[in-house]
Amino acid sequence: MYTIKTPIVILSLMILFFACTESRNKQHKKILMLENTLQDSYDTLKMAKLVELYDNYVNDFPSDSLSPIYVFRAAEINRVLGKGAEALTNYHLLIKTYPESAYVPEAYFFMAVVYENVLYDFTKASVSYREFMDKFPEHTLVKDAKLSLEYLGKSPEEIIKMFENPPTEDTL
């Protein structure tokens, strides 16, 4: 009895392992092919399809090393496409599920960008920029966050006036 069950179990595990690897490789190749076609174009339908492929990959292989990268890329495409809620969902997923990812600081920063430039929620944008600066005070995007806070909610005309009439400092 032992000799019959053991090989069957081992064979079943091997088939499962290779099937998963093949599926992962197929999905990865589809993603690479679509990414390559988007190098030279701004095809929003292909971008949406790429987000779908990223989401499928992450759902099927959440512990794979590519998953946090794909979550971030999906968020970026959603942000560019003006899909603020979807982008925020991706950024939150990245922060919660992959807290050690190198993309986490950018996720915090770009959440603020989404609130500011996609959803026009300046209150949440301000909170998010400050949260980013508090959590990552040495990050290279801190300067950008400070500038964004300074100009947050101002029209282009107001910003131009700020440069035309800079505040004068009392030198005495």
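Residues numbered from 1 in each chain as written. Predicted model: local features only at pLDDT ≥ 70, side-chain atom pairs only at ≥ 80, totals over all residues. Heavy atoms only, no water.

1. As for the nonpolar core
How we decide: Here, the term nonpolar core denotes a set of buried Ala, Val, Leu, Ile, Met, Phe, Trp, Tyr and Cys residues that are joined through side-chain atoms within 4.5 Å. Note on classification: 1.4 Å probe, protein chains only; a residue is buried when its accessible area is under 20% of the maximum for its type, exposed when over 50%, partly exposed between these limits. Helix and strand definitions here come from DSSP, where helices need a minimum of 4 consecutive H or I residues and strands a minimum of 2 consecutive E residues; each element is numbered from the N-terminal end. Contacts: residue pairs with any heavy atoms within 4.5 Å of one another.
Ile31, Leu50, Tyr54, Tyr91, Phe109, Tyr129 and Phe132 are the most contacted members of the largest nonpolar core, which totals 43 residues. Going through the elements one at a time, α1 (2-37), α2 (44-60), α3 (67-80), α4 (84-97), α5 (104-118), α6 (122-135) and α7 (142-151) are the ones with two or more residues in this core. Counting residues per element, this core draws most heavily on α5, at 11 residues. Setting aside chain neighbours within four positions, we find tyrosine 91 in contact with Phe72, Ala75, Glu76, Arg79, Ala107, Phe110, Met111 and Val114.

2. Digging into the layout of surface pockets
Rules: Two kinds of site are reported from a 1 Å grid over the protein atoms alone, namely cavities, where a 1.4 Å probe fits but cannot get out, and pockets, open sets with protein on both sides within 12 Å along at least five of seven lines, and residues are called lining when an atom falls within 4 Å of a point. Grid points are joined across faces, edges and corners, and a volume is the space filled by probe spheres set on the points. Charged residues are taken to be Asp, Glu, Lys and Arg, nonpolar residues to be Ala, Val, Leu, Ile, Met, Phe, Trp, Tyr, Cys and Pro, and polar residues to be all remaining types, Gly included.
Considering only enclosed or pocket space, the largest pocket measures out at about 170 Å³ in volume. Glu35, Leu38, Gln39, Ser41, Tyr42, Met47, Leu50 and Ile77 are the residues that line the largest pocket. In terms of residue class, the lining of the largest pocket is made up of five nonpolar, two polar and one charged.

3. Here's the deal with the pattern of salt bridges
This is how it is decided: Whenever a carboxyl oxygen of Asp or Glu lies within 4 Å of a side-chain nitrogen of Lys or Arg, that contact is scored as a salt bridge.
Applying the stated criterion across every chain, the model contains four salt bridges. Of the charged contacts in the structure, one is a salt bridge between aspartate 64 and arginine 24, with a shortest N-O distance of 3.7 Å. Residue aspartate 64 is found in the loop between α2 and α3, and its partner arginine 24 is found in helix α1; the two are separated by 40 residues along the sequence. By relative accessible area, aspartate 64 is classed as buried at 15%. In this structure, glutamate 52 engages lysine 49 in a salt bridge whose closest nitrogen and oxygen atoms are separated by 3.4 Å. Taken together, the residues glutamate 52 and lysine 49, both in helix α2 and three residues apart, mark about one turn of the helix.

4. Description of the side chain of glutamate 116
So the rule is basically this: Charge assignment in this entry is limited to Lys and Arg as positive and Asp and Glu as negative, and neither His nor the chain termini are counted. Polar contacts, as used here, are pairs of N or O atoms within 3.5 Å; protein pairs need one atom able to donate a hydrogen and one able to accept it. Residues neighboring in sequence count only if both atoms are side-chain atoms.
Inspection of the secondary structure puts glutamate 116 in helix α5. One buried charge, glutamate 116, has no salt-bridge partner; the nearest side chain with opposite charge is arginine 79, at 9.7 Å. Engagement of the side chain of glutamate 116 in a polar contact is seen with the side chain of tyrosine 129, the distance being 2.4 Å.

5. Details of the packing of aromatic side chains
The condition that has to hold: Aromatic contacts are taken between Phe, Tyr and Trp rings whose centres are within 6.5 Å, Trp giving its six-membered ring; a plane angle under 30 degrees counts as stacked, one over 60 as edge-to-face, and the others as tilted. For a lysine, the NZ atom is tested; for an arginine, the CZ atom; a charge sits over a ring if that atom is within 6 Å of the ring centre and within 35 degrees of the ring normal.
Applying the stated criterion across every chain yields a total of 10 aromatic pairs. When the centroid spacing of 5.1 Å and the interplanar angle of 55° are considered together, the rings of tyrosine 57 and phenylalanine 61 count as tilted. An identical accessibility class is assigned to tyrosine 57 and phenylalanine 61; each is buried. Aromatic side chains tyrosine 108 and phenylalanine 136 sit 5.6 Å apart centroid to centroid with 50° between the ring planes, which places their arrangement in the tilted category. Here tyrosine 108, found in helix α5, pairs with phenylalanine 136, found in the loop between α6 and α7; they are 28 residues apart in sequence, far enough to count as distant. Relative accessible area serves as the criterion here: at 11%, tyrosine 108 is assigned to the buried category. Put simply, the rings of Tyr108, Phe109, Phe110, Tyr129, Phe132 and Phe136 touch in pairs and so form one group of aromatic residues. Positioned above the aromatic ring of phenylalanine 61, the side-chain terminus of arginine 24 is 5.1 Å from the ring centre.

6. So, the environment of threonine 97
Locating threonine 97 in the fold gives a position in helix α4. Given a relative accessible area of 39%, threonine 97 falls into the partly exposed group. Separated by 26 residues in sequence, threonine 97 and valine 71 have C-alpha atoms that sit 10.0 Å apart.

7. A word on the environment of glycine 84
Residue position: glycine 84 is located in helix α4. In sequence terms glycine 84 and valine 113 are 29 residues apart; their C-alpha atoms lie 9.6 Å from each other. The residues touching glycine 84, leaving out its near neighbours within four places in the chain, are Val114, Val118 and Leu119.

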